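For reference, the chains in residue letters:
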Amino acid sequence: TPDEEFTMLREVAANLSFALQYLRQDDRVRLLSYFDVLTGLAKRPLFCNRLGRLLREPAGPGSRYAVAVLDVQNLSAINDAFGRHSGDQLLQLIADRLKRRFENTELLAHFAGGTFAVAQPIDRSPAAGSEALNEHLDQLFVEPFPLQGKDIPVAGRSGIASCPEDGNDPETLVNRAEASLRSAKESGQRRGHYSAERHAEALARVALERKLRVALERQQFELHYQPKVGVKTRRIEGAEALIRWHDPDSGLVSPATFLPIL
């Protein structure tokens, strides 16, 4: 119930505050570098360290993992409407639901803002494991969250990467889960799964954007004029101006390649 959630959150906050008060300075700094005080969850470095330790274990039923990066939608709107304190309270409530739904709390993390991470062992195909993880994440947002005496509906968006299909080390898996999250945001989807093909397309787009900036600075664009001929008169009645990119590496580039980005 909401009252139970608030009671538990107050106890967690009081315990963290008490611990920080009596820790030595160097221990306090170490604790703050590894744990998020607001939610009590691991920060990104500790999460990757824990995941890496699991991935290095001998192959077995739990040697395959799915990593999800979860983003709370419209957190800034909640901050604007109810105040930053309510936004922080919402993050604490989401962290509490994560802890209740996933048994191994060591594989939970709060990266920053409204971004969380979850790693879970999978014993089925990557697609089935991802689907099961997505269903767990969806359940976090089925019930509204109690904020300032109101029940506020909140939605989440997630991106997932699987080991070993999408990577074998924690940093790669987290980065690719974040890439799939960005892809989901751009496409308006609630879920995203890492795709090597889409990743290659994204890298190619970034490289092209960089080359286009250089092309603008170095004036590598030029106009070509194509005559417009009247069908009946067979006379030139005008001209169409067409932009071309004279790329030193590949010659003239069709506008169809660069205009959507330009």
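This write-up is about the structure you can find in this document. (Residues numbered from 1 in each chain as written. Predicted model: local features only at pLDDT ≥ 70, side-chain atom pairs only at ≥ 80, totals over all residues. Heavy atoms only, no water.)

1. Some remarks on the packing of aromatic side chains
- Under the definition given, this model contains 5 aromatic pairs.
- Relative to F258, the ring of W245 lies with its centre 6.0 Å away and its plane at 85 degrees, an arrangement referred to as edge-to-face. On the criterion of sequence distance, the pair formed by W245 in strand β9 (residues 236-247) and F258 in helix α9 (residues 255-258) is long-range, its members being 13 residues apart. This pair shows no difference in class: W245 is buried, exactly as F258 is. (Phe/Tyr/Trp six-rings, centres within 6.5 Å; stacked < 30°, edge-to-face > 60°. Helix = DSSP H or I, 4+ residues; strand = E, 2+ residues; numbered from the N terminus. Buried < 20%, exposed > 50% of the residue type's maximum accessible area, 1.4 Å probe, protein only.)

2. Section: the sheet that holds strand β10 (residues 251-253)
- Taken in spatial order, the 3 strands of this open sheet run β8-β9-β10, and their pairing is antiparallel. Of all the strands in the sheet, just β8 (221-229) and β10 have a single pairing partner and so form its edges. Strand-to-strand, the axes of this sheet are offset by a mean angle of 45 degrees, without reference to chain direction.
- The pairing of β8 with β9 spans 9 bridges and is classified as antiparallel. Bridging across to β9, V229 finds its partner in I236. (Pairing = 2+ DSSP bridges. Axes fitted to C-alpha atoms, helices over the stretch in contact; angles between N-to-C directions.)

3. Observations regarding the layout of surface pockets
- Estimated volume of the second largest pocket: approximately 240 Å³.
- Lining of the second largest pocket is provided by 13 residues; of these, Q120, P121, I122, A132 and H136 occupy positions nearest its centre.
- Going through the elements one at a time, β3 (115-121) and α6 (126-139) are the ones with two or more residues in the lining of the second largest pocket.
- Looking at the lining of the second largest pocket, the element that brings in the most residues is α6, giving 4 residues.
- When its residues are assigned to classes, the lining of the second largest pocket shows 5 nonpolar, 4 polar and 4 charged. (1 Å grid on protein atoms, 1.4 Å probe; cavity = no way out; pocket = protein on both sides within 12 Å on 5 of 7 lines; lining within 4 Å. Points joined across faces, edges and corners; volume = space filled by probe spheres on them. Nonpolar A, V, L, I, M, F, W, Y, C, P; charged D, E, K, R; others polar.)

4. With respect to unusual backbone geometry
- The amide bond that connects C163 to the next residue, P164, takes the cis arrangement and shows omega of 10 degrees.
- Its place among the elements puts P164 in the loop between β6 (156-163) and α7 (170-187).
- Although it is not a glycine, N74 adopts a positive phi angle of roughly 60 degrees.
- Accessibility expressed as a relative area gives 57% for N74, which makes it exposed.

5. A closer look at α7
- With 18 residues, α7 should cover 26 Å at 1.5 Å per step; its first-to-last C-alpha distance of 26 Å lies within 8% of that length.
- Those residues of α7 that sit buried are P170, L173, V174, A177, E178, A179, S180, L181 and A184.
- Taken from the residues just after α7, G188 is the one with a positive phi, measuring 80 degrees. (Expected span 1.5 Å × (residues − 1).)

It is worth stressing that arrangement in space is one thing and function is another; only the former is reported here.
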